[in-house]
Structures are given as structure tokens and as C-alpha cells.
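Here is what each chain is made of, one letter per residue.
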Protein chains: 2
Amino acid sequence: MKDLILTDKKKMELEEAVKRCSSWAVSMVARANSGHPAGSLSSMWLYLAAYDVADITPKNCDQTDRDYVVISHGHTSPGAYAALAYYGFVDPMEAIADFRRCGSAFQGHVERAIPGIDWGSGNLGQGLSAAVGYALALKKRGLDRQVYVLMGDGEQPKGQVAEARRIALSQGLKNITVMVDYNHIQISGRVERILPVNIKALWEADGWAVLEADGHDFASIYDGMAKARAMDVPVVLLCHTVMGKGVSFMEDKPDYHGKAATGDLYKQAMDELGQPDWLEAAAKLGDRAPHTGRHVSVERANLELGIPKTYPVDKKTDNRSGFGNALADVGSLNLGVAGKTPVLVFDCDLAGSVKTAQFAKECPGWFVQCGIQEHSTATVAGAAGCCSVVPVWADFGVFGLAEAYNQQRLNDINGSNLKLVLTHVGLDVGEDGMTHQCIDYVSLLSNSFGWKLIVPVDPNQTDRVTRWALKEPGNICLAMGRSTMYPLSGQDGEPLFASLPFTYGKAHKVGEGEDCTILAMGAMTSAALEARAILEREGKKVKVYAVSCPLEVDMEALDEAVSTGYVVTLEDHCYRTGMGSLWARAAAEAGLCAKWSFMGVHRYGDSGPSDQVYDAMGLSPLAVADRIKKLLP
Amino acid sequence: MKDLILTDKKKMELEEAVKRCSSWAVSMVARANSGHPAGSLSSMWLYLAAYDVADITPKNCDQTDRDYVVISHGHTSPGAYAALAYYGFVDPMEAIADFRRCGSAFQGHVERAIPGIDWGSGNLGQGLSAAVGYALALKKRGLDRQVYVLMGDGEQPKGQVAEARRIALSQGLKNITVMVDYNHIQISGRVERILPVNIKALWEADGWAVLEADGHDFASIYDGMAKARAMDVPVVLLCHTVMGKGVSFMEDKPDYHGKAATGDLYKQAMDELGQPDWLEAAAKLGDRAPHTGRHVSVERANLELGIPKTYPVDKKTDNRSGFGNALADVGSLNLGVAGKTPVLVFDCDLAGSVKTAQFAKECPGWFVQCGIQEHSTATVAGAAGCCSVVPVWADFGVFGLAEAYNQQRLNDINGSNLKLVLTHVGLDVGEDGMTHQCIDYVSLLSNSFGWKLIVPVDPNQTDRVTRWALKEPGNICLAMGRSTMYPLSGQDGEPLFASLPFTYGKAHKVGEGEDCTILAMGAMTSAALEARAILEREGKKVKVYAVSCPLEVDMEALDEAVSTGYVVTLEDHCYRTGMGSLWARAAAEAGLCAKWSFMGVHRYGDSGPSDQVYDAMGLSPLAVADRIKKLLP
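Residues numbered from 1 in each chain as written. Chains lettered and ligands numbered in written order. Predicted model: local features only at pLDDT ≥ 70, side-chain atom pairs only at ≥ 80, totals over all residues. Heavy atoms only, no water.

1. Re the overall build of chain A
Stage number 1. Each helix and strand counted, chain A has 25 helices and 20 strands in total.
Stage number 2. For a compact globule of 633 residues, the expected C-alpha radius of gyration is about 26 Å, and chain A comes in at 27 Å, within 12% of that figure.
Stage number 3. For chain A, the spread of C-alpha atoms along the principal axes amounts to about 90 × 50 × 45 Å.
Stage number 4. For chain A, buried positions account for 68% of its 633 residues.
Stage number 5. Intrachain contacts of chain A at a sequence separation of at least 6 include 80% that bridge at least 24 residues.
Stage number 6. Carbon and sulfur atoms make up 50% of the accessible area of chain A, which amounts to about 18,900 Å² in all.
Stage number 7. Charged side chains in chain A number 61 positive and 76 negative. The centres of these two groups are separated by 1 Å. (Helix = DSSP H or I, 4+ residues; strand = E, 2+ residues; numbered from the N terminus. Rg over C-alpha atoms; globule rule 2.2 N^0.38 Å. Buried < 20%, exposed > 50% of the residue type's maximum accessible area, 1.4 Å probe, protein only. Contact = heavy atoms within 4.5 Å. Areas by Shrake-Rupley, 256 points an atom, 1.4 Å probe, with all protein chains shown as cover. Lys, Arg positive; Asp, Glu negative; His and termini not counted. Charge placed at Lys NZ, Arg CZ, Asp CG, Glu CD.)

2. Regarding the packing of aromatic side chains
Stage number 1. Under the criterion given, the structure shown has 31 aromatic pairs over all chains.
Stage number 2. Ring geometry for Trp468 of chain A and Phe502 of chain A: centres 5.0 Å apart, planes at 70°, overall edge-to-face. One end of the pair, Trp468 of chain A, is in helix α19 (residues 459–471); the other, Phe502 of chain A, is in the loop between α20 (496–499) and β16 (508–511), and 34 residues separate them in sequence.
Stage number 3. Between Tyr68 of chain B and Tyr134 of chain B, the aromatic rings sit 4.2 Å apart at their centres with planes inclined by 20°, giving stacked as the arrangement. One end of the pair, Tyr68 of chain B, is in strand β1 (residues 68–71); the other, Tyr134 of chain B, is in helix α5 (residues 127–140), and 66 residues separate them in sequence. (Phe/Tyr/Trp six-rings, centres within 6.5 Å; stacked < 30°, edge-to-face > 60°.)

3. Section: the relation of the copies chain A and chain B
Stage number 1. Mapping chain A onto chain B is achieved by rotating through 180° and translating by 0.0 Å along the same axis, at an RMSD of 0.0 Å. Each copy turns onto its partner about a two-fold axis. Of every C-alpha in chain A, the one belonging to Gly159 of chain A sits nearest the axis of rotation, 1.8 Å from it.
Stage number 2. Comparing interface residues between copies, 100% of those in chain A also sit at the interface in chain B, which points to an isologous, same-surface contact. (Least-squares fit on C-alpha atoms with pLDDT ≥ 70 in both.)

4. With respect to the domain arrangement of chain A
Residues and elements named next belong to chain A.
Stage number 1. With domains assigned, chain A is organised as domain 1 (8–283), domain 2 (317–485) and domain 3 (507–631).
Stage number 2. On a C-alpha basis, the centres of domain 1 and domain 2 stand 32 Å from each other.
Stage number 3. Taken together, the contacts link 25 residues of domain 1 with 30 residues of domain 2.
Stage number 4. Of the roughly 2,200 Å² buried at the junction of domain 1 and domain 2 (both faces included), carbon and sulfur atoms supply 57%.
Stage number 5. It is Trp119, Lys140 and Ile167 in domain 1 that bury the most area against domain 2; as a group they hold 25% of the surface buried on that side.
Stage number 6. Our count for the domain 1 to domain 2 interface comes out at zero salt bridges.
Stage number 7. Inspection of the region where domain 1 meets domain 2 yields 14 residue pairs in polar contact (both at pLDDT 80 or more).
Stage number 8. Going through the elements one at a time, α5 (127–140) and α6 (159–170) are the ones with two or more residues in the side of domain 1 that touches domain 2.
Stage number 9. Per-element tally for the side of domain 1 that touches domain 2: the top contributor is α5, with nine residues.
Stage number 10. Classifying every residue of the side of domain 1 that touches domain 2 by side-chain character gives ten nonpolar, nine polar and six charged. (Domains from an automatic or database assignment. Buried area = accessible area lost by both parts, 1.4 Å probe. Salt bridge = Lys/Arg side-chain N within 4 Å of Asp/Glu carboxyl O. Polar contact = N/O pair within 3.5 Å; in protein donor to acceptor, adjacent residues only side chain to side chain. Nonpolar A, V, L, I, M, F, W, Y, C, P; charged D, E, K, R; others polar.)

5. Some remarks on the side chain of Ser607 of chain A
Stage number 1. Tracing the sequence through the fold places Ser607 of chain A in the loop between β20 (595–601) and α24 (610–616).
Stage number 2. Since its relative accessible area comes to 0%, Ser607 of chain A is described here as buried.
Stage number 3. At 3.0 Å, the side chain of Ser607 of chain A forms a polar contact with the backbone nitrogen of Gly108 of chain B.
Stage number 4. With sequence-adjacent residues up to four places away left out, Ser607 of chain A is seen in contact with Glu431, Asp432, Gly433 and Val613 of chain A together with Arg100, Arg101, Cys102, Gln107 and Gly108 of chain B.

6. Here's the deal with helix α21 (residues 525–537) of chain B
All names here are of chain B.
Stage number 1. Here α21 spans 19 Å end to end across 13 residues, near enough to the 18 Å set by a 1.5 Å rise per residue.
Stage number 2. Within the sequence span of α21, burial applies to Thr525, Ala527, Ala528, Ala531, Arg532, Ile534 and Leu535.
Stage number 3. Buried residues in α21 make contact with β16 (508–511), β17 (516–521), β18 (542–547), β19 (566–574) and α25 (621–631). (Expected span 1.5 Å × (residues − 1).)

7. Quick word on the state of the cysteines
As used in these notes, a disulfide is a covalent bond between sulfur atoms, one from each of two cysteines.
Stage number 1. Following the criterion strictly, the structure yields one disulfide over all chains and no others.
Stage number 2. Here Cys593 of chain A engages in a disulfide with Cys593 of chain B; their sulfurs sit 2.1 Å apart. Taken as a pair, Cys593 of chain A in the loop between α23 (579–590) and β20 and Cys593 of chain B in the loop between α23 (579–590) and β20 (595–601) lie in two separate chains rather than in one.
Stage number 3. By relative accessible area, Cys593 of chain A is classed as partly exposed at 38%.
Stage number 4. Cysteine Cys363 of chain B is unpaired, with the sulfur of Cys370 of chain B as its nearest cysteine sulfur at 17 Å. (Disulfide = S-S within 2.5 Å.)

8. Observations concerning the pattern of salt bridges
Stage number 1. In this structure the tally under the stated criterion is 70 salt bridges over all chains.
Stage number 2. The partner of Arg100 of chain B in a salt bridge is Asp432 of chain A, with the nearest N and O atoms 3.3 Å apart. Here Arg100 of chain B is found in the loop between α4 (92–98) and α5, whereas its partner Asp432 of chain A is found in the loop between β12 (419–423) and α18 (441–446) on a different chain. For the pair Arg100 of chain B and Asp432 of chain A, one class covers both residues: buried.
Stage number 3. A salt bridge links Arg603 of chain B to Asp606 of chain B, with the shortest nitrogen-to-oxygen separation between them at 3.2 Å.
Stage number 4. Take Arg603 of chain B: its relative accessible area is 29%, and that puts it in the partly exposed class.
Stage number 5. For Asp606 of chain B, a relative accessible area of 11% gives the class buried.
Stage number 6. Through salt bridges with shared partners, a single ionic network connects Asp55, Asp65, Asp67 and Arg145 of chain A.

9. Let's talk about the sheet that holds strand β7 (residues 235–240) of chain A
Residues and elements named next belong to chain A.
Stage number 1. Read from one edge of the open sheet, five strands run β1-β2-β3-β7-β6, paired in parallel fashion. Edge positions in the open sheet fall to β1 (68–71) and β6 (209–214), since each of these has one partner strand only. On average, each strand axis in the sheet is inclined to that of its neighbour by 20°, with strand direction left out of account.
Stage number 2. Bridge count between strand β2 (residues 147–152) and strand β3 (residues 176–182): six bridges; the pairing is parallel. Across the sheet, the residue bridging to Val147 is Ile176, located in β3. (Pairing = 2+ DSSP bridges. Axes fitted to C-alpha atoms, helices over the stretch in contact; angles between N-to-C directions.)

10. Observations regarding the interface of chain A and chain B
Stage number 1. Contact with chain A, which involves 102 residues of that partner, is made by 102 residues of chain B.
Stage number 2. Buried surface at the junction of chain A and chain B, both sides included, amounts to about 8,300 Å², of which 55% is carbon and sulfur.
Stage number 3. The interface formed by chain A and chain B holds six salt bridges in total.
Stage number 4. Where chain A meets chain B, there are 56 residue pairs in polar contact (both at pLDDT 80 or more).
Stage number 5. Residue composition of the side of chain A that touches chain B, grouped by class: 42 nonpolar, 37 polar and 23 charged.

So, in C-alpha cells, the structure goes:
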């Protein structure tokens, strides 16, 4: 761990660096004529201190055994880029030339494509959660590493910040130092006028230690950081600053929260900072492709996946148990084994229902209770996945995805490695009723570009995809209902998915026929097969595909489905936004023509036993058979 | 306002009522063999006190000039239904017979279909926000009315609760009394073990007064409520209770958080409460249709909409200004006019960017600053809309919808009346970059069954739909980008949308042709028309439809589009989840066959000037023309 001694020489160097970096930041905004200069200046002391003190370098920043720096007020990106340039992560002239330039990694809000940026933010209130995720992962890996978080004052009221504070405390994280740029100005004006908040009281109410510092005096900042490191609770350092510090006409002016200084004002700013005209220097780079930064990726987990468990076809089992048993199996196989990747299972007070209680019992050290705080949990778990652990967050669909949708979107943007297990999806929530029915999960994840979604057909497939997902890098969602079911059997009467290897994106033909095709999502496959049997007795032959990867259209299956002329999609999901519409869209794009019928959820559902709720929604096997009879000529 | 004097007679009646209502609640859960009995019992004193003290009756509960009672811990519905039965809102035997019964309004979590339920919850942490919405609406309407909120202790850490506390304080709301059922047990066990939280400190840190009471002693509860009413800050009354109170084997047992007492245990419970076997009594109702409750609706606002403003076709204007000018116009026309419906405009620190600053200046009393607290703001505004005001919340798309998606889902379930204005949608966010690009709003709202979505084509249509939406009941979203544009002109060169009446769900043909059809969403229509002009010079005739209501497929337009054989959809929205897929799905269902091409966003976008960002995404007029040339034979 780097020491925190500030020599006079170091202090002088840093004070010079402030002027240099401030001028770069102001130049970036001037060049783009867009951006947030004043907050970048007030944060500059904090940026330079954090990246000096933290053990993060251009060399080690792609590894995960190091300190972390998370920037929560991502709109002060010019300040961050300038500090990173000073420490050699990026080229300052490239940053000036490419800031907010189309195609460049120097986006308006910090992204991980820039080396040294550990979390892409811009949506405020997320940074502390990401930092808690990193701090937790480092602690669980047994590493004595620090995480530094820079925040703005305007974002302090975001509820997610308070949630993250509590997770940090309940997890006993002492390796986090938060530095707040307390400049009293947010975009609409003075913080106290927009929404009065007692920032100090809020942190103290959640058990954090609050220290204060002069945010424009390195001695004061380093002293605060040293004190923070010595304390045995997480600490927030309230750094009193002046927005726009160092450029007279920007100081304490809300106007410059998001306005560039151009022309003579730009020259004046450079003069006041004692710096040259960097715009001319940057222009000398001439016509070149923008700096695209680095590609961040997640390494494959080192895990023993054990032997798949096969559930007999004559005994009803729920997919939740298929998941929970496999998770506990993999957990206990790897816990305490040297070199294995820690599997951290996150819970929001539903372990019993989402079947992670067994894992919690067998691997208590890898179980993370976050309380009823879904927004923060989503980000904490997502960030942890970027730090060489495999985070698994199991929750009801409405809480893990609908409630935390934007957090999952940002996990996608950050290229994290979350295993999100949604139970009680669709109408299969038992009697809980409409507020608990997650009928939009396919839609929500299909807005992303990275998320994989698997809706297992039965407990045997659930067991296998659970083991597969734990090792597979990237954000992966498993979605399943609550009810028990008979595992599917093949022609030979044996458990079908015990022998079928899982390939992401492959649909499985589970019934042959040429009059019509049913594309059934996940566990709805059983209903589709029952409907098929009903129709077979009436001489109608229906092809049935089990679709467990709705986001990935299996064109071969789609082609064969459309060839029957009639396609019925079956899912307990909103009728117009689920698997059916994704697959119909692909068919339309391919010019594959057929008559489609979309069976799904067309109103908020009832509260009652699941089978009755399905009946009432018109999704029973009989209803499917009737729909097909009406559809066929 | 009802007095708070508790006579000995009243006290005795209420104590009898507790036994009676507790037995009904236990019976509901026993009959359904599903539900949450123990929390219903610990809350029973609070339910009976709140519905006694509040001026809400079976007669006035459909009106909006009354007190409100919001239940945040919606899973204790049996307790709520029992108290409502005691006060004559519902029939107790029907509640027992229909609780969690398919098709009935007595859902597992409270819904507004039951008279006396003012907010459908079940997703925890929402109740206080809804209460703040009601309290704010009542205050702005000049009514001296109280709002009572019942909460659980397990939900206290939800960040949204803290956000709501701050809005209540900053809005000077003194007409809220929160009652927390502090029974120390949540579903996974003891609150202190799941996530240690200093509940008292949290409320005090946000400036609330904290009072404590014995939650099983009416004298103590009424005394606390009287003190609360007398204080000039919002008050939380921490009511110390025992989960399962009154039934020995349920008392302080986490097990009964969500488990029914059946058979002999049920009989024992009735004996201990000194009550008969209600299951037999309920069974006597015999075979009957379930109780479907009431239909809640929102009345049409009483507003003077003024004279539409027409923007000239030779001057670039942004749709945001079209909205902001119309809003300020309607606001100042109605402010202070007797009998007019208050228009409350909510802001999360972006008034300047979302163009509500003019309204704030002209109608400061109707402008509500909520700070950077989107989750709570969404619910506060949504609930206010159920209380005879027109709430308008303008925010960036990613904050107003992606961040608050689940809150907007619950606004839909609650049949509220929010006017959600999303600016900076699509790729049109200026240089802010990927985190700020809202490319999923069509998808998110298409998961709902009530939300209307309008994506205006130009400033003239924006002006007209803004005025229309302010008066139209229900949840309505307007979505628009950031850039300026030339308003569309008709054949006569006059502003097209100045003369076209707005009809929700109607697509407008703005270009004739038979070789191919472009379905363009909102402001993308301009690019479609440019592409059409390019192709026309090459002898290709392209039909162009302006689609401003993507959720409502105009079958006539779709039919004509498909008749050209080739359909190109154009939207700066995720390519597989937007207007294109909704309309292609409808075509597939109708058996309308064509070759489709979906032009949209296929990766996270760049940070740069909007026109360059569109180019880079392949959505420029030239790119559209090229796509069509490749598509056509």
C-alpha cells in the first residue's frame, strides 16, 4: 500500500499539476464547446490525490489485484482525463483533441474504455455502489487493497447512495475512502436551494465516519486520507471546494457547470493558470482517427462445475431448486480450494424463495446479504464481477430487473460479469398477484447489446445452464418461474435435457409436425406439448420448439417454423414485447412469411394459484389448442 | 378534521375490533393457504387507528377531497382488508372467501380496486413517495387534509424512502403522519440480523420528527398521532410491535411472516382470539363469482389550453422548446383561475435542459423541485395525479424512464395520471454519450397496458400534443430529442402540423410512393423525407409515414405500407425493440407479408455532435437511401 506522506517537493509538484491539468480540462471543453469545466476544476485536487495515492498505474490497470478509483460524478470527465493524462494513462493532447468527439473513447461521461477509469458513470448516485462492489470483491479475495470514490454533492440525495453506505457497513468494509467535491453548486444552482440535505448527518446516520478537508489544500486532503485509512469504519471525506477554482470568471458560478470558455475567455483562463494555448498544440495532431481506448473484458472463472444432477421425469421439481441445488453444489466444490474464483451470492431478503439458502448454509463466507436494497445491490454485484469474482444475484424478476433496470443497463455498458437469476418470472409467482408478475424481462434485456438470457425449459436444463453460466464470462440472466413441473422426457422416456448439451442460442425441437409450429418459451414448453397432444388426437400435427434463449433467434428453427405456414408463440410474457415479437421481427427481416399468433399476457394478471392464473389469461394447453384450431384453415 | 380523542368506550371497541379483525386476517390466509398473517396482526392496531382517525369512508373514498391512507407494506393485505371490512368498505366474508382467489380484487398485495386502498403496493419502499404525492396535491389544492402512511420496518433501507423524506421536507409538508410497524422481523429473519439500520437516525437525519409508541396500545398510538398532528414538521411514529401479536404460536416467529395457520392451528388461533370459525361462515357464501372491486379512474382536467403556437418552417426550433413554451402558456393561463386544475411540474435538477424553467418562472407555486431523486419523484408525481392535479414530470429519458422504470410500471398499475415528458431521447442527446442515450423508451412503455406514448414529429406537433396531453386523463409520455429542426411543411408550404388535428394512434402519410415505404418515428421523419428526395432523383418512389404514436399500430397505414412490398422502419431506438418490431409484429399477426428492414440503434452510441452520432450509427438520410437501394430488386 502506498504511503500517504506529502513532502514539500511532492506538494509543490501537485500544485503545479493542478494548474496544468486544469488548463487541459478547460481546453477539452473549449475544443468540444461542450462539457462540464467548473466541476472538473473543483475536483482536480481530489483527482490528483486519489490517482497518486491509489496503487493504480497504466501498467496494472487492466489487472484486478490493485487499488481502485471510482468516479461517481462522471460529467466531470475532463478533470478525470486530465489527471489520468498527468499520470501517463492517456495522452493529454489526444484527450483535448478527442474529448466528446464522435468515435473517441473520451466520451462526455467517463467510460471504462479509458485506462484508469474503473466504472463508467454519468447516471449519478452509482459510484459508491460500484466502489462497494470492488471493495467487497477485494476483501473476499483476501487482498488488502483500497478503493477510492469521488462524488459530487448534488448526487448525495440519490437513494442508491444510502443503500450502498449500508451494504459497506454491514459487510464490514474498511477499505473504502469516499471523497466528496463539496462545491455547493449543481446544474440548476446552489445545492442548498435545490434540495436542502444535511450530507454529514446522512453519512453518520448510516454509521460512516465523516471527516472534512480543504479540497484545495493537498496537505489537508492527504491528512484526511491518512486519517481515513487508519479508521476501522468506512470514511467519507467532505472536501470543501469552490466550483471553477483557479479560473476567476468560473469560480462559484453555476453558469459554468456545463458551459465552455471559448475565445478570449479561453485565453484568459490559460493566462490565469499560467499555461500555453493547448488548443493550438492539440490542433498540431492534425487529421487522425479518434482515440478508441481499450477493450475491457472479463476472464473466464476458474471453477470446478461438478457433475450435473439429473431430476427424474416422474417427479415434480421446480426450476428454482434446480438452480439452487446446482449453485450450492458448485459453491461447496470450490470454497476454500486454492486458486478457485470466489462465487459471491447476493441476496435481498429472499434467499428462501429464490433457493440460495442452501448455498448460504454451505458457503456462508461467500453469501452477501444486502437487505431490501435492489438498486444498490444490482450495481454492487455488477462491479464485483469486474474484480475476479463471480457474482450471482438471485431475486424475484420484478426486483432484480424491473426495479433495477437502469442499473442492469449500466452493468451492460460496463461489460460486467453478473449472473442474474430471476425467479417468479411471468405469471408463475403463486398468489402474489400483479405487482409481482414479471412479464417484461425478455423485453428489458433485449434493449441491451451484451446481456444473455436463458429461460430454462425444466429442472434438468436449469441445472446445466446454472453450471454453464457460472463459468461463462459476461452478464447472463437465468429466468424461471415458481412452480414445480415434470422434467421433459425424450422419445426413450429418459430425461431429455440430461443428455442434450446446452448451446447458447439453440432452440430444441421437441415435437414434430407440419400443420403449424408452436414456439414455446422456457417452461411453457410443457403446455405446448400438451396442446400438441390434444390436437394430435384430432389429426392435426403440430411442430413444437422449446426456446430457452429468446434473445438469440435460431434462424434454422425459425426457418422451419415458418415453413409450416402458421406460427404460434407461447410465453407468459407481455404479448407484444417478448420472444414472439423478437422472432417475428427476425422473420420479417429475412422475408420469411407466415401467419403468426402471439399468445402471451395481455393485461395485468390475477392473484391465485398459478394454474388458475394461466387459465384466466388464456394460456392453458386447451386454450393453445383452441387458438391453433381457429388459426388453421 | 376528525378529533383524536380516545374515550374509554372507543378504546374498548377498538380492542374488540383488533380481535375480530385479526381473526378475519388469519382466516383469509388460512382459506387461501397463502399470504402473510403475522405482519397483518402486528399492524392491526395501526390499521384500525389510521382508518378511524382519517376522514376516509366508503362514501367519500372515490372523491379526492378527503384524508388519505397509504399502505406501503402491501403484503400485509389481510390486515388492511380486515380493517376495511370493520369500517364497512368491504364485506369480511367476501374478503375471506376471495383473498388471493383468481379473478378477485382481494389480491395478495393491496390494489386500488379495493375501496379504501389509496395506492397499490407490494413492491416495498414506495408508500411514502405515494403519500408525499397525495399530501403535496392536497396542499397545492389548498385543502387542510391529512395523509397517513403505514410502513414495515424491513423496507426502511430502500433508498426511495429516504428520497421521499427529503421531498416532503423541502415542500414543507406537515400533513403526513408515518406509522412504522416496528416488529423487528422481515422475511429472512430478524431485521437487525439481515441489515442493521438505525431507523430513528435515518428519519432524523432528513429533518423528520421521530415519535415512538406502543403499537399494541391504542392510548399510546392516539397520543402519538395527536402529537404528530400538532407538530410543524412531518412526523414518523415508530410503533413498537410484536409480529403475530394475539396468536401465541405466531408471536415473534419469522416463520409466520408468510405461512398460513391451518387445521387445528387455525382453530387454536380463533379460540385465542375468542372468535368463531370464519371459514365455515365464508363457505356459506357458496359458489359465486369473486368480488372484482371498483374501477378507479381519473377525471378530465379543467384547463384552458390556450391557442396553439405555430413555428415557421424556415426557422429551426427544438421540440423541447415547443413543449416548454406550450406548458408555460397553459400554466399562466390557468394559474390563479378559480376551479382550474393545478398543473404541478416536477423537476430533478434539469429544468434548464428540459425547458420547464419558463414555467417555473411564471408559475413558481406550481413548480416542484425534487433534486436528483428520480425514483421517488416518479411515484410522488404519479400519486399526485390521482388527487385532482395534473402532474408533469420532465426529465432526460434515461432518468425519467430507464432509471424509474418500475415506478412507472406501478403508476400504470395504479391507473395514475402522470404526464411524463422525456427529453434527450434516442441518440439526440448532444455530446453526453452512451450513458445518456435513451434508446429503449418505446420498449419500456410497450410492456405496460395503459401508458400512451407520443413521439412528436416537429415543434408544431409538439405544441399541440402538449396541450392535448395536459387535459387527457391517464398516463401519457411525450418523448423528444435535443436538437433543433425545421418544422415540416405541407404541399402548400405551410407548417404541416399546424393544421393537422392530433388523433392518438394515427400515422400521417407525408410522402407518396409505391416502390417502398418508410415508417419513420417522430423527428426521424425529416431524415426519411430527405432519403425519399434522394431516391426520387434516381427514379424511386418511396412512401413515407410519420409515426408519432409507436405503441398504437395504425392498421390502415400498416396495410398500405406492406402493400408496397418493402418496409423500412427508421428510429433512433434499439433496432429490435422499438416501433419497427411492434409494427412488424402486428403485420405478422395480420398475415401481412413484406420484406422488412429495421434501421435503428445496434450498439451503444458515440459522444459527439448529434448529426455525427447519427452518421456513425448509419442513420443519416444517405444511409437510409443506400439501405433502400440495397433492399429493392
